[in-house]
2 protein chains.
Amino acid sequence: MTSEKLDSHAVPTLEAVAALAGVSRATVSRVVNGSTKVTPEVTEAVTKAIADLNYVPNRAARSLASKRTQVVALVVPESTAKVFADPFFASIVQGAALQLAETEYTLNMVISSEFKADKTRRYLMGGNVDGALIVSHHSGDHSYAHLGQSLPVVFGGRPVSDAEQGSYFVDVDNVAGAAGATEHLIARGRRNIAIITGPQDMPAGLDRLTGWRRAMEAHGLDQSLIEYGDFSPTSGREAMKRLLDRGAPIDGLFAANDQMAAGAYASIHEAGLSIPEDIAVVGYDDDYFGLTATPPLTTVHQPSIGLGETMARVLVKLMSGTAVDRVTMLPTELVVRQST
Amino acid sequence: MTSEKLDSHAVPTLEAVAALAGVSRATVSRVVNGSTKVTPEVTEAVTKAIADLNYVPNRAARSLASKRTQVVALVVPESTAKVFADPFFASIVQGAALQLAETEYTLNMVISSEFKADKTRRYLMGGNVDGALIVSHHSGDHSYAHLGQSLPVVFGGRPVSDAEQGSYFVDVDNVAGAAGATEHLIARGRRNIAIITGPQDMPAGLDRLTGWRRAMEAHGLDQSLIEYGDFSPTSGREAMKRLLDRGAPIDGLFAANDQMAAGAYASIHEAGLSIPEDIAVVGYDDDYFGLTATPPLTTVHQPSIGLGETMARVLVKLMSGTAVDRVTMLPTELVVRQST
DNA sequence: TTGAAAGCGCTAACAC
DNA sequence: GTGTTAGCGCTTTCAA
């Protein structure tokens, strides 16, 4: 361990491989990087030397010389991280990570609080990553809006403001999903359909309300049964209580996510009403809450892992200079269970 | 963009800072790295230059020169990633990420399938990271057992085999938690207490069964009501069904996680039995399943975010050469709700 | 306390 | 097709 000249544990360098294979370092580099202009024999010799030495390229050196980092940042605002346990988010991360694992890129997870947004931005702009994936529910957060102008960036979820116009993003079609869910309730014969939607500064909350309105309007139904939650089970429970306290007849409910639907279940049951007989319920997200609820919840399935995968795929294309659509919309699917 | 000498968008280098501050690069480097041997005046001048130029050190260059990467890998076996939506895992990742965000280390998320375990191991050993956090439920997976001998590594969860003896790990005290849960059922007057535990090749499954046995034995109760699940809601439902089909009296149930407890709820209700009147139920994990269940589930709370945080903290100490205990056990806490 | 100089391991012209 | 030669931006002895 203290010998200066020999350290059997030293990580082999490209130089060592070159020596063993009897070629120059440049040639080894070519083989490692898959250059076509190398004789098959030489390639084989180098490959063998690499295997014999158990050689692994040093990322730092490679990055320094090539000006490419092979790193992409996955930025999760801390506010989002707090709802990290939200299966939807976890799945996005999972999808992105899985997809990236198929490439040469490494995933650098960055959790950034609002205070650190500046530091994060500098880090991203400082040439430490080749691209970034930005995940957030929060549209209030414009911290990274302009990042896309100088670094390949893909946003998850619709950008909040027009400031993010030029940016790339992938999202699920919330409006269509919500409209479909509402249509389903109407098709089931419900007419007094309420909605518990999310905060209106979040695209998901806003768009799902829009979808509900669209369907209600198409059928000439009353749009007054609206309450707001914050996507938590508790807020759903309270919103449902307010809805019931209004005294108006309600025979259908569309909740903007399954967690709030689960909360609504509690209030409905407490009121002595039954699902779906008295009130048919449709949720959104298709997470565990819906699956384990009693009765199992009819809900809108979102391709959450697919969202992460698609974000990664779009970013990789972007970084390689391939043309990609600025907007990628993923379809939702209604999963009918026993709550409707 | 094509001008060779001037590029206003170029990322400033340490050299530029040195020039602006009128000092050598070495001095700038010292300031950046917090060396004490720099005059306050000089420090200030350099600091100002850094701010003016919006300088960010290049990680690759720094790493290449210093032989330190400032990167820690968070290795998530793919089999585990599939249950990534498991809130417990998501929280561990979150905790680790949050804790690391407080340090100079960057979190490199690695999802490794069994096929790629070799590639991952080489990556980790290839000098690309300063340390690794390895998260897994699966004890069958010994891929990374010996990694700790040549790289600072902290495992999440008890190591499966003795092969991992010398390694560092942090875990929650599953045996104590399970025993406590069972004791609680006994204190509630239950005597025919069943258990739905997890796979016996996973420490969590094994240890929770051990805890249950310990409590049952201490009170001289019969230990025959054992069924196995795979931690999924469905498996819990089926296991409960098998338990009920036995025809033996059951007045208490300890499920090795909340997801299985939620599944068991379904079977109990289907059998026309009520909770907790007929069967009192205790789960494990304290996740959303338990909170939203009807009735709300009494369960064993695990400090999941704390587990991730602690893992990160232990690793950082390890990397800095500070002495740390090989084993860190985190306490659990029984959360009593209406299911008991 | 500060500066000069020598690399860290690799890639990328350029020449052969 | 392959080798030579400069660096990439930073840290780190070693002198001063």
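Under an unreviewed UniProt entry, chain A has the name LacI family transcriptional regulator and belongs to Leifsonia tongyongensis.

**Let's talk about the protein's contact with DNA strand C**
Near DNA strand C, the surroundings consist of 28 residues, among which L14 and Y55 of chain A together with R30, T39 and K67 of chain B are the closest. A distance of 2.4 Å separates a phosphate oxygen of DNA strand C from a polar backbone atom of L14 of chain A. Contact between DNA strand C and N58 of chain A: a phosphate oxygen at 3.3 Å from a main-chain N or O atom of the residue. Breaking the surface near DNA strand C down by element, the ones donating at least two residues are α2 (25-32) and α4 (59-66) of chain A together with α2 (25-32) and α4 (59-66) of chain B. Split into classes, the residues belonging to the surface near DNA strand C amount to twelve nonpolar, eight polar and eight charged.

**Here we look at the domain arrangement of chain A**
Domain parsing of chain A yields domain 1 (3-55), domain 2 (68-172 + 305-330) and domain 3 (174-302). One C-alpha centre belongs to domain 2 of chain A, the other to domain 3 of chain A; they are set 30 Å apart.

**Considerations on the packing of α2 of chain B against helix α3 (residues 40-53) of chain B**
Two measures define how a pair of helices packs: the angle their axes make with one another and the distance between the axes. Residues and elements named next belong to chain B. As a packed pair, α2 and α3 sit with axes 10 Å apart at the nearest point and diverge in direction by 85 degrees. By the angle between their directions, the pair α2 and α3 is classed as roughly perpendicular. The segment α2 lies against α3, with T27, V28, V31 and V32 engaging V42, T43, V46, T47 and I50. Its residues assigned to classes, the contact of α2 with α3 comprises six nonpolar, three polar and no charged.

**A closer look at the packing of aromatic side chains**
A full pass over the atoms with the stated rule returns two aromatic pairs over all chains. Between the NZ or CZ atom of R208 of chain A and the centre of the ring of Y284 of chain A, over which it lies, the distance is 3.8 Å.

**Re the protein's contact with DNA strand D**
Around DNA strand D sit 28 residues in total, of which R30 and T39 of chain A together with L14, S29 and Y55 of chain B are the nearest. Note that a phosphate oxygen of DNA strand D is positioned 2.6 Å from one of the side-chain N or O atoms of T27 of chain A. At a separation of 2.9 Å, a base nitrogen of DNA strand D approaches a polar side-chain atom of R25 of chain B. If you list the elements that add at least two residues to the surface near DNA strand D, you get α2 and α4 of chain A together with α2 and α4 of chain B. Its residues assigned to classes, the surface near DNA strand D comprises twelve nonpolar, eight polar and eight charged.

**Here's the deal with the side chain of N174 of chain A**
Residue and element names in this part refer to chain A. With respect to the secondary-structure elements, N174 resides in helix α8 (residues 174-187). A relative accessible area of 4% places N174 in the buried class. In contact with N174, not counting residues within four places along its chain, are A204, D207, R208, Y284 and Q302.

**Comments concerning the relation of the copies chain B and chain A**
Note on the copies: chain B fits chain A at an RMSD of 0.1 Å, the axial shift is 0.0 Å, and the rotation between them is 180 degrees. A rotation of that kind, with that shift, is consistent with a two-fold axis. Comparing contact sets, 100% of the residues at the interface of chain B also lie at the interface in chain A, consistent with an isologous, same-surface contact.

Analysis parameters
- Residues numbered from 1 in each chain as written.
- Chains lettered and ligands numbered in written order.
- Predicted model: local features only at pLDDT ≥ 70, side-chain atom pairs only at ≥ 80, totals over all residues.
- Heavy atoms only, no water.
- Near = heavy atom within 4 Å.
- Polar contact = N/O pair within 3.5 Å; in protein donor to acceptor, adjacent residues only side chain to side chain.
- Helix = DSSP H or I, 4+ residues; strand = E, 2+ residues; numbered from the N terminus.
- Nonpolar A, V, L, I, M, F, W, Y, C, P; charged D, E, K, R; others polar.
- Domains from an automatic or database assignment.
- Axes fitted to C-alpha atoms, helices over the stretch in contact; angles between N-to-C directions.
- Parallel < 35°, antiparallel > 145°, perpendicular 65-115°, else oblique.
- Contact = heavy atoms within 4.5 Å.
- Phe/Tyr/Trp six-rings, centres within 6.5 Å; stacked < 30°, edge-to-face > 60°.
- Lys NZ or Arg CZ within 6 Å of the ring centre and 35° of its normal.
- Buried < 20%, exposed > 50% of the residue type's maximum accessible area, 1.4 Å probe, protein only.
- Least-squares fit on C-alpha atoms with pLDDT ≥ 70 in both.

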